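# Descriptive structure summary
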Amino acid sequence: MAYHLLPVPLSIAGIAWYLIARNRNDLKRVAVIQPLLTLLSIAVAALSLLGPRANPAYTGWILAGLILAFAADIFNIDMTSDKTVMAALVIFVLAYLTYGIGLTVFSGFQRQDLVSGLLLFLVYLALVRYLWPGLGSFRIPILIYGLIMPLMVNRAISTFFGSTFSTTQAILLTAGTSMLYLGDIEYGIHRFRRPIKYSVGPILYAGGQLLVALSCAYF
């Protein structure tokens with residue numbers, strides 16, 4: 001039985017609820033839903049260990065990243081607070097570095113990484129240039145965080161070309177990390193450049209974490 005799929009319907013319903021709560025700025029509900037969704041992703045990854053196609057060592061890396069994200073989710077509720085956002089950036093750097101390092105440990109480096117790496121670096125430069133006037137005291141943290149996100153996506157894309165991960169995993173990882181990255185791009189534009197009236201960030205963040213967690217089950 002695919003036990004890892006049991007939390008998925010709850011997660012999908014929760015993401016819809018999360019989207020509504022964030023866009024209504026209902027912080028009381030966000031404080032419950034946000035960490036709960038990451039807990040469900042943790043459950044997905046952990047339950048994959050009951051399946052025949054799991055790799056406990058890899059799952060350990062993903063669980064470590066998800067637990068770090070959960071720690072950030074507990075207090076990263078009011079995203080208008082500079083102190084909250086700064087603290088969350090530190091923890092998410094650790095979480096996304098954990099994903100990237102874990103993928104590299106198991107898949108290594110491929111020649112194709114240079115192509116995706118160059119394209120992602122150009123995106124990074126364009127985003128920094130666009131956001132720079134509004135970054136203020138966040139300039140150094142965003143320079144660092146802005147490098148970690150495309151690095152994570154680069155390591156996910158690399159799994160298509162190695163021999164360790166299945167195609168299903170490569171799709172889940174690339175889609176999941178890309179959603180996380182796009183969610184942060186949207187927030188960066190909203191926070192530092194111009195307000196976005198309706199955010200899809202909750203779908204991108206929680207959905208991205210869910211896809212990364214699902215990758216544990218498909219070796």
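Because the structure is a prediction, the values reported are computed rather than measured.

It is worth spelling out the packing of helix H1 (residues 8-23) against helix H2 (residues 27-47) at this point. Running from N to C, H1 and H2 cross one another at 155 degrees; their axes reach a closest spacing of 9 Å. As far as their axial angle goes, H2 and H1 are roughly antiparallel. In the packing of H1 onto H2, the handedness of the crossing is left-handed. Contacts between H1 and H2 involve Val8, Leu10, Ser11, Gly14, Ile15, Trp17, Tyr18, Ala21 and Arg22 from the first element and Leu27, Arg29, Val30, Ile33, Gln34, Leu37, Leu40 and Val44 from the second.

What follows deals with the pattern of salt bridges. Using the criterion set out here, one finds 3 salt bridges in the structure. We note a salt bridge from Arg29 to Asp26, for which the minimum N-O separation is 3.5 Å. Among the residues examined, Asp26 registers a relative accessible area of 26% and is labelled partly exposed. The residue Asp113 makes a salt bridge to Arg155 at a minimum N-O spacing of 3.2 Å. Taken as a pair, Asp113 in helix H5 (residues 113-135) and Arg155 in helix H6 (residues 139-158) lie far apart in primary sequence, 42 residues in all. Judged by its relative accessible area of 3%, Arg155 is buried.

What follows deals with the environment of Ala69. Within the secondary structure layout, Ala69 lies in helix H3 (residues 56-75). For Ala69, a relative accessible area of 0% puts it in the buried group. Each C-alpha atom, one on Ala69 and one on Tyr96, is 8.5 Å from the other, the two residues being 27 residues apart in sequence. Contact partners of Ala69, with chain neighbours within four places excluded, come to Thr38, Phe92, Ala95, Tyr205 and Gln209.

What follows is about H1. Across its 16 residues, H1 extends 23 Å between first and last C-alpha, which sits within 8% of the 22 Å expected from 1.5 Å per residue. When H1 is considered as a whole, its buried residues turn out to be Val8, Ser11, Gly14, Ile15, Tyr18, Leu19, Ala21 and Arg22. Looking down the long axis of H1, one finds its buried residues gathered within 165 degrees of arc, a one-sided arrangement. When the buried face of H1 is taken as reference, the exposed residues oriented beyond 90 degrees from it are Pro9, Leu10 and Ile12. Where H1 is buried, its residues touch H2 and helix H8 (201-214).

Our focus in this paragraph is the packing of H5 against helix H7 (residues 167-192). The interhelical angle for the contact between H5 and H7, taken along N-to-C directions, is 20 degrees, at an axis separation of 9 Å. It follows from the interaxial angle that H5 and H7 lie roughly parallel. Here H5 and H7 pass one another in a crossing that is left-handed. Two secondary-structure elements touch here, H5 through Leu120, Val123, Tyr124, Leu127, Tyr130, Leu131, Gly134 and Leu135 and H7 through Tyr181, Ile185, Gly188, Ile189 and Phe192. Considering only residue class, the contact of H5 with H7 consists of 11 nonpolar, 2 polar and no charged.

Right, let's get into the side chain of Thr38. The residue Thr38 is located in helix H2 in this model. Sequence-distant contacts of Thr38, that is, excluding residues within four places in its chain, are made with Leu66, Ala69, Phe70, Asp73 and Tyr205.

A separate point is the packing of aromatic side chains. Taken as a whole, this structure holds 10 aromatic pairs when the rule is applied. Judged by centre distance (5.6 Å) and plane angle (20 degrees), the ring pair of Phe92 and Tyr96 falls under stacked. Residue Phe92 and its partner Tyr96 are both found in helix H4 (residues 82-107); the two are separated by 4 residues, about one turn of the helix. Its end group placed over the ring of Tyr130, Arg193 keeps NZ or CZ at 4.6 Å from the ring centre.

What counts and what doesn't
- Residues numbered from 1 in each chain as written.
- Predicted model: local features only at pLDDT ≥ 70, side-chain atom pairs only at ≥ 80, totals over all residues.
- Heavy atoms only, no water.
- Axes fitted to C-alpha atoms, helices over the stretch in contact; angles between N-to-C directions.
- Helix = DSSP H or I, 4+ residues; strand = E, 2+ residues; numbered from the N terminus.
- Parallel < 35°, antiparallel > 145°, perpendicular 65-115°, else oblique.
- Left-handed = near helix turned anticlockwise from the far one by under 90°.
- Contact = heavy atoms within 4.5 Å.
- Salt bridge = Lys/Arg side-chain N within 4 Å of Asp/Glu carboxyl O.
- Buried < 20%, exposed > 50% of the residue type's maximum accessible area, 1.4 Å probe, protein only.
- Expected span 1.5 Å × (residues − 1).
- Arc of directions from axis to C-beta.
- Nonpolar A, V, L, I, M, F, W, Y, C, P; charged D, E, K, R; others polar.
- Phe/Tyr/Trp six-rings, centres within 6.5 Å; stacked < 30°, edge-to-face > 60°.
- Lys NZ or Arg CZ within 6 Å of the ring centre and 35° of its normal.

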